Amino acid sequence: MNPQNRQLQEIVARAEGEIGQAANLHDLQLVKSRWLGKKSELQGLMKLLGGLPKEERPAFGQRVNQAKSQVGACVRLREETLKEADYLRTLEERRLDITMPGRRRQAGALHPITLATRFIEDVCISMGFEVAEGPDIEDEYHNFDALNTPDDHPARDLSDTFYIEDDVLLRTQTSTVQIRVMETHKPPIRIIAPGRCYRNDNDASHSPVFSQLEALVVDKGVTFADFRDTVDIFTKRVFGEQIESRFRPHFFPFTEPSAELDILCSACKGSGCNVCKGSGWLELGGAGMVDPNVFRACGIDPEVYSGYAFGFGIERVAMLLLGIPDMRMLFENDVRMLRQFRSYKGVHQGSGASS
Ligand code: PHE
């Protein structure tokens, strides 16, 4: 074998050795350019071609090219081997272990306030009420003026009411919906209006955002006795048959006479406990016969029609029905608390406030 052939063989052998050692595709790329690139030994041999006798040139050139394609073939082979190994490794890494326990998706649940609202709605619908709605952002007319509230009434104060602009405010009560319904509907009217209300209050038993439910009945010949009876049936259906209700004289600008509506403490059934602070009764909300001035503001003749209204906070009801001790728990949205309440059907027979 002539010395050039031996040199070529030796180069190919070294190249193949290094190619075989390349541990990954990146290394292989470097090895490839070292042995086949412009500055490689094989390329250097090509430059010797000119110095050879004419008759030897073609054969030598051919042999160098053979050597190059041998090295090239070796690179491709290695490349395939490395790619295959990569692929197998990826398969192994991403292997799905079907014996592992699955991750359970948590089902969502309705918020206790929504549960309570729907429950009360169901009770009222069963008593012939329809559900009405009004806007959260109101004007002074619907929140105060039409509700017969004097200009200097403290509730209008900046410290009690969130004003957005002069005449634009966040409603402080759902009584606004009384006006909106009476403006647009002729009696007989029998509606409830659940919704958010806003007041500049924030402590253990008051949140600046809270929910109320308003009820309004207007018709010919509606009496205080109808009122009293309806409220009693309502409270019993919501809180349970044993839960009596009572009216205490009070004042609201938009009702006359007005009353505060109390229910027998649903925790102790009247014997006195820490929920009712020993009195046996819980204050639920406000109530009264619609003031004639309110009828007049809505174009309803108080000589022909009479009616009653009541309203209360839904958070309070949710707390009593579901046995939630602190109002702030309703707004913290701690799922450990929320997931305990998934249904409202028959809540007063179930987990009630007896704890
Ligand atoms: N709107 C009153 C309040 O927020 C409650 C009420 C409603 C009183 C209906 C009388 C009639 O305190």
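## Structural notes on the pattern of salt bridges
Per the counting criterion, the structure on display carries 19 salt bridges. Between E10 and R14 there is a salt bridge, with its nearest N and O atoms 2.8 Å apart. Residue E10 and its partner R14 are located together in helix α1 (residues 3-21), separated by 4 residues, close to a single helical turn. Judged by relative accessible area, which is 35%, R14 ranks as partly exposed. Here K83 makes a salt bridge to E79, at a shortest N to O gap of 3.4 Å. Separated by 4 residues within a single helix, K83 and E79 lie in helix α4 (residues 57-93), roughly one turn from each other.

## Things to note about the pairing of strand β10 (residues 305-313)
Extensive coverage of β10 is indicated by the burial of 9 of its 9 residues. Residue alternation in β10 divides its side chains into two sets, Y305, G307, A309, G311 and G313 and S306, Y308, F310 and F312, and both sets are buried. In this sheet, β10 lies alongside strand β6 (residues 209-220) in antiparallel orientation, the contact comprising 9 bridges. Paired with V218 across the two strands is G307, which belongs to β10. In the sheet, strand β9 (residues 281-290) pairs with β10 via 5 bridges, with the strands oriented antiparallel. Among the inter-strand pairings, G285 is bridged to a residue of β10, identified as F312.

## Notes on the site of the ligand
Lining the immediate surroundings of the ligand are 14 residues, of which Q173, S175, R199, Q212 and E214 lie closest. Q212 has a polar side-chain atom sitting 2.9 Å from an oxygen atom of the ligand. Isolated, the ligand exposes 330 Å² of accessible area, and the fraction of that covered by the protein chains is 91%. Top contributing element to the shell around the ligand by residue count: β10, with 3 residues. When its residues are assigned to classes, the shell around the ligand shows 5 nonpolar, 7 polar and 2 charged.

So, how was this worked out
Residues numbered from 1 in each chain as written. Predicted model: local features only at pLDDT ≥ 70, side-chain atom pairs only at ≥ 80, totals over all residues. Heavy atoms only, no water. Salt bridge = Lys/Arg side-chain N within 4 Å of Asp/Glu carboxyl O. Helix = DSSP H or I, 4+ residues; strand = E, 2+ residues; numbered from the N terminus. Buried < 20%, exposed > 50% of the residue type's maximum accessible area, 1.4 Å probe, protein only. Pairing = 2+ DSSP bridges. Near = heavy atom within 4 Å. Polar contact = N/O pair within 3.5 Å; in protein donor to acceptor, adjacent residues only side chain to side chain. Areas by Shrake-Rupley, 256 points an atom, 1.4 Å probe, with all protein chains shown as cover. Nonpolar A, V, L, I, M, F, W, Y, C, P; charged D, E, K, R; others polar.

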